[in-house]
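# Chains, contacts and geometry: an overview
This is what each chain is made of:
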Amino acid sequence: MTKENDPRDYVGYDLFGYPFNKKYPPNKEKYGQSFEGYPYKALGVLLYDYCVMGYDVEINYNGESYYLLNAGEGIISDSHFTERKEVFDSPMALVENFKIDGKTLLQLAPEIEDIEPV
């Protein structure tokens, strides 16, 4: 995808053509490069790797595993990424609206320690 053909309204491109999450922009001056400019690894993985770069993600939280599939839509899937358990309009909509223990992934991010793009 390029700046010219990217349909996602939450993705912007910097002066060098690199994509970033413009709805939740990183702050690399404040947080550095470690988590793509976010204060927690989980935010970097969710907001950059998953929403912007399109990677699928595995989250382990409170003894449960969650699998996020990025297929243009945001999908809660099984460990083989074949089942569509819950579907959201976009990966960003999943991050903002999917809840675990009554909290969205954005709210849980500081507590999520085991998260990886796959």
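What comes next is a walk through the structure. (Residues numbered from 1 in each chain as written. Predicted model: local features only at pLDDT ≥ 70, side-chain atom pairs only at ≥ 80, totals over all residues. Heavy atoms only, no water.)

### Here we look at the overall build of the protein
Scanning the protein from terminus to terminus reveals 4 helices and 9 strands. Sequence-ordered secondary structure for the protein, helices as α and strands as β, is β-β-α-α-β-β-β-β-α-β-β-α-β. For 118 residues, the compact-globule formula gives about 13 Å, and the C-alpha radius of gyration of the protein, at 14 Å, lands near that figure. Dimensions along the principal axes, computed over C-alpha positions, put the protein at roughly 40 × 30 × 25 Å. Sorting the 118 residues of the protein into buried and exposed places 43% on the buried side. Taking the intrachain contacts of the protein between residues at least 6 apart in sequence as the baseline, contacts between residues at least 24 apart amount to 39%. If the 11 positive side-chain charges of the protein are averaged to one point and the 21 negative ones to another, these points end up 6 Å apart. (Helix = DSSP H or I, 4+ residues; strand = E, 2+ residues; numbered from the N terminus. Rg over C-alpha atoms; globule rule 2.2 N^0.38 Å. Buried < 20%, exposed > 50% of the residue type's maximum accessible area, 1.4 Å probe, protein only. Contact = heavy atoms within 4.5 Å. Lys, Arg positive; Asp, Glu negative; His and termini not counted. Charge placed at Lys NZ, Arg CZ, Asp CG, Glu CD.)

### Brief notes about the packing of aromatic side chains
For any pair of aromatic rings, geometry is given as the distance between the ring centres together with the angle between the planes. On inspection of all chains with the given rule, the structure shows 3 aromatic pairs. Each ring, one from Y66 and one from F98, has its centre 6.1 Å from the other, and the planes form 65°; the classification is edge-to-face. With a gap of 32 residues between them, Y66 in strand β4 (residues 64–70) and F98 in the loop between α3 (91–97) and β7 (99–100) connect regions that are remote in the sequence. The exposure class assigned to F98 is buried, which follows from its relative accessible area of 8%. Between F88 and F98, the ring centres sit 6.4 Å apart and the planes meet at 80°, which makes this aromatic pair edge-to-face. With F88 in strand β6 (residues 86–88) and F98 in the loop between α3 and β7, this residue pair connects regions lying 10 residues apart in the sequence. Considered together, F88 and F98 belong to a single accessibility category, that of buried residues. Grouped by ring-pair contacts, the aromatic residues Y66, F88 and F98 constitute a single cluster. (Phe/Tyr/Trp six-rings, centres within 6.5 Å; stacked < 30°, edge-to-face > 60°.)

### Things to note about the environment of G17
Here G17 is to be found in the loop between β1 (11–13) and β2 (19–21). In this structure, the C-alpha to C-alpha distance between G17 and P7, residues 10 residues apart in sequence, is 15 Å.

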